[in-house]
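Here is what each chain is made of, one letter per residue.
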Amino acid sequence: MTDTHRVNIGKQHPAAYKALIALSTEVESKAAAAGLDPLLVELLKIRTSQINGCAYCLRMHTRDAVKKGESPDRIAVLPAWGETGYFSETDRAALRLTEAITRVWDGHVSDEDYDAAAAVLTGEQVSAVSWLATVMNAFNRVAITSRYPVGG
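Overview of the structure. Here the structure is a predicted model, which is why all the values come from computation and not from measurement.

1. Brief notes about the overall build of the protein
Step number 1: Each helix and strand in the protein was counted, giving eight helices and zero strands.
Step number 2: Its helices and strands taken in sequence order, the protein reads α-α-α-α-α-α-α-α from the N to the C terminus.
Step number 3: For the protein, whose C-alpha radius of gyration is 15 Å, the value lies close to the compact-globule estimate of 15 Å for 152 residues.
Step number 4: Classification of the 152 residues of the protein by burial places 39% in the buried group.
Step number 5: In the protein, the proportion of contacts linking residues at least 24 apart, taken out of those at least 6 apart, comes to 71%.
Step number 6: For the protein, the accessible area works out to roughly 8400 Å², and carbon and sulfur atoms hold 55% of it.
Step number 7: With 16 positive and 18 negative side-chain charges, the protein shows a spacing of 11 Å between the two charge centroids.

2. So, the pattern of salt bridges
Step number 1: This structure, assessed with the given rule, holds 10 salt bridges.
Step number 2: The salt bridge partner of glutamate 26 is lysine 30, with a shortest N-O separation of 3.5 Å. Within this pair, glutamate 26 and its partner lysine 30 are both found in helix α2 (residues 14-33), separated by four residues, close to a single helical turn.
Step number 3: Look at glutamate 26 and you get partly exposed, because its relative accessible area is 41%.
Step number 4: One salt bridge in this structure joins glutamate 28 and lysine 45, with 2.4 Å as the shortest N-O distance. One end of the pair, glutamate 28, is in helix α2; the other, lysine 45, is in helix α3 (residues 38-52), and 17 residues separate them in sequence.

Reading the values: rules and limits
- Residues numbered from 1 in each chain as written.
- Predicted model: local features only at pLDDT ≥ 70, side-chain atom pairs only at ≥ 80, totals over all residues.
- Heavy atoms only, no water.
- Helix = DSSP H or I, 4+ residues; strand = E, 2+ residues; numbered from the N terminus.
- Rg over C-alpha atoms; globule rule 2.2 N^0.38 Å.
- Buried < 20%, exposed > 50% of the residue type's maximum accessible area, 1.4 Å probe, protein only.
- Contact = heavy atoms within 4.5 Å.
- Areas by Shrake-Rupley, 256 points an atom, 1.4 Å probe, with all protein chains shown as cover.
- Lys, Arg positive; Asp, Glu negative; His and termini not counted.
- Charge placed at Lys NZ, Arg CZ, Asp CG, Glu CD.
- Salt bridge = Lys/Arg side-chain N within 4 Å of Asp/Glu carboxyl O.

So, in structure tokens, the structure goes:
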């Protein structure tokens, strides 16, 4: 799906896009400092992009996850993470919170979803997951709005 009439907003306002990249770098640093597995970070990016339907980010982060050693099985079942034994308690808490943040239009981030994450994750991890979801949602919106090309 391409549209030559679309403005690439990252190129139109490169300073804003660079600021988003800098924010992403900072957030990933905080996620690592909070003890979040880099593979989980990639899975959170993939899951956010699945929910938002961002083909560009899905392709990029799936490739990144595989390069870092993520299992194709875990990537394949990610939309049904709650029905599998592939994910740890930490993974599940982070995925649940990420989904709630990404679907903020659907009842906001409920106390139930937040409390379930906070029961497993440290405050630093809750914050890092929240920032990861926030930044990934922003990147998805940039790519979708600009219709970044994917495939032939």
